[in-house]
Amino acid sequence: MRPADREDRVGLCLHCRHARVVRSRTDQDYYRCGRSDDDGRYSKYPRLPMLSCDGYDPGEPDRPHRRSGRR
Ligand code: SF4
């Protein structure tokens, strides 16, 4: 996926330090919001693209990690 396409698809979460990237077995990335762990105002898996968010904090998301579990 081209970087510009990812920007359009993900929005603010792409550059937020609270984002946690979860990579599926099919190499699809899902963005989990770390703020949702202790603040109910945030969705665990925000609807993307995220165009406006009060919790946005510029930075690098956690690196992708594989979703655990069995098939
Ligand atoms: S705080 Fe907002 S911008 Fe940051 S990861 Fe959560 S939903 Fe995305």
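Preceding block: the structure.
Residues numbered from 1 in each chain as written. Predicted model: local features only at pLDDT ≥ 70, side-chain atom pairs only at ≥ 80, totals over all residues.

Enquirer: Just checking my understanding: could you explain the overall build of the protein for this structure?
Expert: Along the protein, the regular secondary structure elements total 1 helix and 3 strands. N-terminal to C-terminal, the α/β element order of the protein is α-β-β-β. At 12 Å, the protein has a C-alpha radius of gyration in line with the 11 Å of a compact globule built from 71 residues. Counting only residues that meet the buried cut, the protein has 17% of its 71 residues in that class. Put simply, 55% of the contacts in the protein that link residues at least 6 apart link residues at least 24 apart. (Helix = DSSP H or I, 4+ residues; strand = E, 2+ residues; numbered from the N terminus. Rg over C-alpha atoms; globule rule 2.2 N^0.38 Å. Buried ≥ 20, exposed ≤ 12 C-beta atoms within 10 Å, placed from the backbone. Contact = placed C-beta atoms within 7 Å.)

Enquirer: I tried to follow the site of the ligand on my own but got confused; where do I start?
Expert: Around the ligand, the structure places 13 residues, and the nearest of them are C13, C16, C33, C53 and G55. Residue classes in the shell around the ligand are distributed as 10 nonpolar, 2 polar and 1 charged. (Near = placed C-beta within 6 Å. Nonpolar A, V, L, I, M, F, W, Y, C, P; charged D, E, K, R; others polar.)

Enquirer: It is not clear to me how the pairing of strand β3 (residues 62-66) should be interpreted in this structure. Could you clarify?
Expert: On any regular strand, side chains alternate: one points to one face of the sheet, the next to the other face. Counting buried residues along β3, only 0 of its 5 residues qualify, which leaves the element largely exposed. Pairing geometry for strand β1 (residues 19-23) and β3, over 3 bridges, is parallel. Each bridged residue has a counterpart across the sheet, and for R20 the counterpart in β3 is D62. (Pairing = 2+ DSSP bridges.)

Enquirer: Would you explain the nonpolar core in this entry?
Expert: Within soluble globular proteins, side chains that are nonpolar generally end up buried alongside one another. Listed in full, the 8 residues of the largest apolar core are V10, L12, C13, L14, C16, A19, Y31 and C33. If we skip the residues at most four places from it in the chain, L14 touches R6 and E7. (Core = buried A, V, L, I, M, F, W, Y, C linked by C-beta atoms within 7 Å.)

Enquirer: How should I be thinking about the environment of R66 in this particular structure?
Expert: Examined against the element boundaries, R66 turns out to sit in strand β3. When the C-alpha atoms of R66 and R2 are compared, they prove to be 21 Å apart, with 64 residues separating the residues in sequence.

Enquirer: Is there a simple way to think about the sheet that holds β3 in this case?
Expert: Sheet strands line up and pair through hydrogen bonds in the backbone, either parallel or antiparallel. Strand order in the open sheet made by the 3 strands is β2-β1-β3, with mixed pairing throughout. With one partner strand each, in any of the chains shown, β2 (29-33) and β3 form the two edges of the open sheet. Taking each pair of neighbouring strands and ignoring which way they run, the sheet shows an average axis angle of 30 degrees. (Axes fitted to C-alpha atoms, helices over the stretch in contact; angles between N-to-C directions.)

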